[in-house]
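Overview (structure and organization)
Here is how the chains run, residue by residue.
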There are 4 protein chains.
Amino acid sequence: MALAQRLSRVRQHSLELVSPLEPEDLCLQGMADASPPKWHLGHTTWFFETFVLVPAQNAGLISGYQPAPHSWGYLFNSYYDAVGERIARGDRGLLSRPPIASVLAWRQRVDGSLQQLLEGGQADAPWLSLLELGLQHEQQHQELLLMDLLDGFSRNPLEPVYGDGPEQRFAGAWQQQHPGGEPQWLDHGGGLVEIGHPPGDHGFHFDNEAPRHRVWLEPFALADRLVSNGDFAAFIADGGYQRPELWMSEGWAVVSQRGWQAPRYWRDDDAYTLAGRRRRDPAAPVRHLSWFEADAYARWAGCRLPSEAEWELLAPALPQAFGVLWQWTASPYRPYPGFAPAPGAVGEYNGKFMSSQMVLRGSCHLTPPGHDRLTYRNFFGPADRWMASGLRLARDAGRP
Amino acid sequence: MALAQRLSRVRQHSLELVSPLEPEDLCLQGMADASPPKWHLGHTTWFFETFVLVPAQNAGLISGYQPAPHSWGYLFNSYYDAVGERIARGDRGLLSRPPIASVLAWRQRVDGSLQQLLEGGQADAPWLSLLELGLQHEQQHQELLLMDLLDGFSRNPLEPVYGDGPEQRFAGAWQQQHPGGEPQWLDHGGGLVEIGHPPGDHGFHFDNEAPRHRVWLEPFALADRLVSNGDFAAFIADGGYQRPELWMSEGWAVVSQRGWQAPRYWRDDDAYTLAGRRRRDPAAPVRHLSWFEADAYARWAGCRLPSEAEWELLAPALPQAFGVLWQWTASPYRPYPGFAPAPGAVGEYNGKFMSSQMVLRGSCHLTPPGHDRLTYRNFFGPADRWMASGLRLARDAGRP
Amino acid sequence: MALAQRLSRVRQHSLELVSPLEPEDLCLQGMADASPPKWHLGHTTWFFETFVLVPAQNAGLISGYQPAPHSWGYLFNSYYDAVGERIARGDRGLLSRPPIASVLAWRQRVDGSLQQLLEGGQADAPWLSLLELGLQHEQQHQELLLMDLLDGFSRNPLEPVYGDGPEQRFAGAWQQQHPGGEPQWLDHGGGLVEIGHPPGDHGFHFDNEAPRHRVWLEPFALADRLVSNGDFAAFIADGGYQRPELWMSEGWAVVSQRGWQAPRYWRDDDAYTLAGRRRRDPAAPVRHLSWFEADAYARWAGCRLPSEAEWELLAPALPQAFGVLWQWTASPYRPYPGFAPAPGAVGEYNGKFMSSQMVLRGSCHLTPPGHDRLTYRNFFGPADRWMASGLRLARDAGRP
Amino acid sequence: MALAQRLSRVRQHSLELVSPLEPEDLCLQGMADASPPKWHLGHTTWFFETFVLVPAQNAGLISGYQPAPHSWGYLFNSYYDAVGERIARGDRGLLSRPPIASVLAWRQRVDGSLQQLLEGGQADAPWLSLLELGLQHEQQHQELLLMDLLDGFSRNPLEPVYGDGPEQRFAGAWQQQHPGGEPQWLDHGGGLVEIGHPPGDHGFHFDNEAPRHRVWLEPFALADRLVSNGDFAAFIADGGYQRPELWMSEGWAVVSQRGWQAPRYWRDDDAYTLAGRRRRDPAAPVRHLSWFEADAYARWAGCRLPSEAEWELLAPALPQAFGVLWQWTASPYRPYPGFAPAPGAVGEYNGKFMSSQMVLRGSCHLTPPGHDRLTYRNFFGPADRWMASGLRLARDAGRP
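A quick note: this is a predicted structure, and the numbers were derived from the prediction, not measured.

1. Things to note about the arrangement of the chains
Separating chain A from chain C is a minimum C-alpha gap of 14 Å, and the two share no contact. With respect to C-alpha atoms, chain B approaches chain D no nearer than 14 Å, and the pair has no contact.

Written as structure tokens, this is what we have:
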């Protein structure tokens, strides 16, 4: 699909995501880690303005673009230190102004100028890749918007309903890829392997997926489906949340302080979802787990989590690798050997988060179509569990 | 004015207050002490439903009232332990649902049933006084709504504008009552005096204004106007915020921790108001002061704050006693001798807050017309300053 | 007793208090509100050095006094802003140095120079009263030292034993003054009364006890003994800690957050004391209560706490007024009409604490002999309960 | 050296370490992460009692050992969930009791029974390896004791002096191994290498050093000396602590919140050490850096930190690898492929800490002689800097 057309569709998709919302939902921020829907709409727009339109206008590639008021940069910058100060993350919910109408009008102006840039035909490779980055960035925020909304809604005793779409996609995705039942193990003989974005592949990738590099692996096996609600219920029934020997020390402290007894959105025999409260299906993959819970479960099961290299090697052959749930790995989020962040302020996109976080691989049912990729490295802190995370077991080969 | 008519007007006034708002403003909560506009609309309605309509229907005085869903009690209860659990105060901003339309529909149903109760003619004195209490309660929240909104808006770098009304009322009120210039002192000879709501007065009063009781006062004098911006600027210029000897120890800790350098909404030579940023008028009364600041200023000025008895005695002769700013007193908020809280759950209205707070007297420009009263006891914590507070100096008599 | 002799005895008494301690106890600080024993020894010495010896030497009244190293001022200043910066209160336990031997040597040098000052005969009234203030100050810290030690020891699962003395004094004091059994009520007719330090009395008093002033009181009655462990157990058995309607809102929040279920040192049927764990005597006065608990108990009992004026008027006729437990009053700690703090830095002694605290009256079994006084105003925050506090009931007269 | 003799010497060394202390120092705890000296003495003794003596007596290998009072298990357990509850880490400083004499007597009893166990000759391999583990454990705590003491002392404005020994060892170690001056680079060609404890080596190792396993490395080079104070001063002079682009996002937040401007103990041109305040030698290795600072420095220098595999491969040829400072690596602390924790409660020793920490390699001047090892994996959180940490630069090969 041509870039102009994709741009138009991706931008349009953000608007569709907020269409079921009440106006008051637009500023809903359940916690500092999450952002309100209106902020996502504004921030993705700011990204295009800051990294594409203003430089392009300065370079004479477009004209007539009227940037947002200077103060909006303070409101909608997420974490780019090179670009300037910004509102505290936990205060984004306080931005009842600018009103949604102003943000939408801004989106339109930005879209118009982006099309102008594309149509001008003078935007060569560096511009096109910034534009592509903005588009990928907006897709990431589409997923964030929904998971942040779920967090915010979950704090409302009324258990608001967003809509059925995400749950339908979830059920369709996991069922279609694996019927349930006992998991089978896929073996890999290990050895000297390569992971990371292939240099010859000119499709988009984030800087943190490169460079492709060699890794030595011992023989291993991965389960051919994700751990299910039923599996996880057995862990709970076996005292999983009461047995410190199953947990990282740091994780056990979190369990104790926050009183965790189950995955994030479990409520009695139900789970809270974007479709409201729904009965849990034992065969469905368990979701909204922290890394600590995934790690403890794997230990309880006599297995372990896969490393990201193991996952990447077998994923093409694995059901439920994409479109269901992000899958925690055993790998801390660190740079690949030879990693160099993208030049300029967008170098802050990924590189500065490479401490105290763990990698998740795959994609989930909230991920916009076409946004997933074998080498994609998602990352969250080990105690986070508001995103659509699940887990797949791994083990050393040669085990019965 | 008949109760039915007043009820109608007061309820209508709440709606007028939110009419200039954007939908996103309805859930704006700047801090745990403040509440979002929609919550104020819901809570005042809950108060009528809980304390008037449901009991009245149980007593057979009205029929056909359909209460809000049970869960709304959890959402809109403020602090009535006798009535049940409730959402944490700081989480009120998370209630993007129920949407405003549902809250407004609820208001209408409640209004209808309240009129039915009044028209039935069977509502005798206890019912009427609960209804009156609900009405006074709603008026209190009308003032709270505006001061909470100012707090929330003040955290937005865009400095949103609510409207000109409140500032016009402020300017009108203080100028009309006192032209500015050097304050004069009104003397009182002290002696055995009486304060509190007069038993013979059948107008409304809160339980905490009674019983009327005797107090011994030494001769004293009160200033005939409030301390002005210009006065307070002199305090600042004289190092007021840098001199611990002027402050209560607890206040000095607050000053140091929060980095206070001026009253809450001062910004350069302006102040942030509901009308947006406005140049400060040196002659206008200084506002948005904590008790600690008022107390420190008085000490710096060689004076002191008035006791609430002193204030009540001279207020009828004092300009700027009502309609401008609440005035901090030297009196901790404690029960009058012989105080008995109102029976039932509404006894929680005032009585349980009688620790670690200070009394303010008078009323302010945000107070709804007709809601002020000579014996009215307002109260806030000594570090609070988001409300429309000011101060008036007192001194012992016999001073030059 | 001559001042020189009293000085010698008071200073010696501090040393006796620490003689049963292990060296490691000298730096024990259980919480920020409490101080380690060695710090008390140093701080009281610093007080004499700073407010008496150095000024006296500057004035030529003594010579040869070698002040402690300059840095010690930072270590041993408690809260005198006028005198300079100081170590954070909660960090006093970190002062393993200077070692106790150095502190004791300093005490000796200070004692020597104080005697030199007294013997010189040139120390006129202002000097003598500063010296007297230092002595009274040291006596206050003798009591603090023991209550702070109890707090610190109470956090050690070994339940360390300090010694039997304080418990023997406690038992002796309450039993000797009242045999137990049902309390009787002492009536007072109220009227225009006077409280505060009598101007004609040249004995020592703190600035906050003056000026003597008139107060109007309605008729009232006070119980002739303190509330007992048995009385308080009935409150607990009646759900006292589970019924929010009995509590100030602020107190209920404290109860909930800290999980209070009983007075501070109750453990099963015992109480932890400086003599270790001891069986609770139902007839003994209940102790280590916060103001919130005292206030809730009084409400539960259908009574109230006495105002400080009420207490002061009847105390001369009341058993258990002195030497048993400090008694919470209903009075916030605020200045008397006409109050003026002592001149100079010692003006910070009392005046700057007159917010958000409540007055206690009387004295306790830890109070050094001769340190109690009818007009003495002690004060603590309403949630504090590590000091030897108890309560006495009051009620309006005319009740059955 | 025979085990009995080593045991005797190691246990004796702990006592020598505390011999320069004042009694009050024995309970000094500067922060929750650090422990007081007396606690270290008790905890190491508890380790022998719990994991060796009590089981050995139960197994009939020794007799007559009288365990410490049951409550001491609560006091001196560090983090072994399998063994039971324990005092909160930050409260260890509150343990003024048991007094040091009791702890020392306990140590003697334990030492006697350990020798009895050894002399009995029935203690076969599993017992001997638990005994060896206890001995290695005590050596770890000898180093911790000194670094914790430095933290505690550093909070005292008097800048206490422990003694000259550690500084002399530091200076001797770094000077002897490298004269200073520009660092040279040692190259390694990479390839498929092995790291971890060699199976054929029967010397002691912790479980986390095994199993030995293969790793693929690209060609790299390591500097032949540690980064010096002078090097680091250049980083500071170049705005190192003001430039967010040099830092991990998480590290930048720490820098901002804590106001870091230099390594932990730098004070003006000096550094605070166990020998008191000392002038910083520009040629000496910089120490007391967090991982965030080490990582930022490396980025500023155009280099990176070594992985632990890189370090382990070249360490035998590297000056300043051992005995100077622990060296931060780029490697998160995670299990080696095939890792299995030691069986029983001692399995909690290392395995449960494998999240959100970074590996340090080598040893330092505080490490007891004979306790260092090529495969030793030390680990701390990325913001920790109270231990004797430094850094060595790495870079990809082929660079000029």
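Here the narrative resumes, following the displayed structure.
2. Here's the deal with the interface of chain A and chain B
With 31 residues of chain A at the interface, the matching set in chain B holds 31 residues. Counting each side, the surface lost to burial between chain A and chain B is near 2,300 Å², with a carbon and sulfur contribution of 62%. Among the residues of chain A in contact with chain B, A:Glu24, A:Leu94 and A:Arg97 are the three that bury the most area, contributing 33% of the side total. Applying the counting rule to chain A against chain B returns four salt bridges. B:Arg97 is the partner of A:Asp25 in a salt bridge, and the nearest nitrogen-oxygen pair spans 2.6 Å.

3. Observations regarding unusual backbone geometry
All names here are of chain B. Residue Pro98 follows Arg97 across a cis peptide bond; omega there is 0°. With respect to the element layout, Pro98 can be found in the loop between helix H3 (70–76) and helix H4 (100–120). In this structure, Asp268 takes a positive phi of about 50° despite not being glycine. Residue position: Asp268 is located in the loop between strand S5 (266–267) and strand S6 (270–273). Classification of Asp268 as exposed rests on a relative accessible area of 66%.

4. Some points on the sheet that holds strand S7 (residues 276–279) of chain A
Residues and elements named next belong to chain A. Spatial strand order, S5-S6-S7: three strands in an open sheet with antiparallel pairing. Looking at which strands have only one partner, the edges of the open sheet turn out to be strand S5 (266–267) and S7. Sheet topology places strand S6 (residues 270–273) next to S7; four bridges connect them, and they run antiparallel. Across the sheet, the residue bridging to Ala271 is Arg278, located in S7.

5. Some thoughts on the state of the cysteines
As enumerated under the stated definition, the model contains zero disulfides over all chains in all. Between D:Cys27, a free cysteine, and C:Cys27, which holds the nearest cysteine sulfur, the sulfur-to-sulfur gap is 8.4 Å. D:Cys27 gets classed as buried once you look at its relative accessible area, which sits at 9%.

6. Digging into H4(B)
Residues and elements named next belong to chain B. The first and last C-alpha atoms of H4 sit 30 Å apart over 21 residues, in line with the 30 Å expected at 1.5 Å per residue. All of the buried residues in H4 are Val103, Trp106, Arg107, Val110, Ser113, Leu114, Gln115, Leu117 and Leu118. Here the buried face of H4 lies against helix H1 (3–18), helix H2 (37–58), H3 and helix H5 (125–154). Just downstream of H4, Gly121 is the residue with a positive phi angle, here 75°.

7. Quick notes on the pattern of salt bridges
Within the structure shown, the criterion is met by 124 salt bridges over all chains. Across the salt bridge formed by A:Lys352 and A:Glu348, the nearest N and O atoms sit 2.6 Å from each other. Using a relative accessible area of 10% as the deciding quantity, one classes A:Glu348 as buried. Put simply, C:Arg373 and C:Glu209 hold a salt bridge, and the shortest N to O gap is 2.7 Å. Pair noted here: C:Arg373 is in the loop between strand S9 (358–361) and strand S10 (378–380) and C:Glu209 is in the loop between strand S2 (191–195) and strand S3 (213–217), with a separation of 164 residues, a long-range link. Via salt bridges that share partners, A:Glu159, A:Arg267, A:Asp268, A:Asp270, A:Arg277 and A:Arg279 belong to a single interconnected network.

About the thresholds
Residues numbered from 1 in each chain as written. Chains lettered and ligands numbered in written order. Predicted model: local features only at pLDDT ≥ 70, side-chain atom pairs only at ≥ 80, totals over all residues. Heavy atoms only, no water. Contact = heavy atoms within 4.5 Å. Buried area = accessible area lost by both parts, 1.4 Å probe. Salt bridge = Lys/Arg side-chain N within 4 Å of Asp/Glu carboxyl O. Helix = DSSP H or I, 4+ residues; strand = E, 2+ residues; numbered from the N terminus. Buried < 20%, exposed > 50% of the residue type's maximum accessible area, 1.4 Å probe, protein only. Pairing = 2+ DSSP bridges. Disulfide = S-S within 2.5 Å. Expected span 1.5 Å × (residues − 1).

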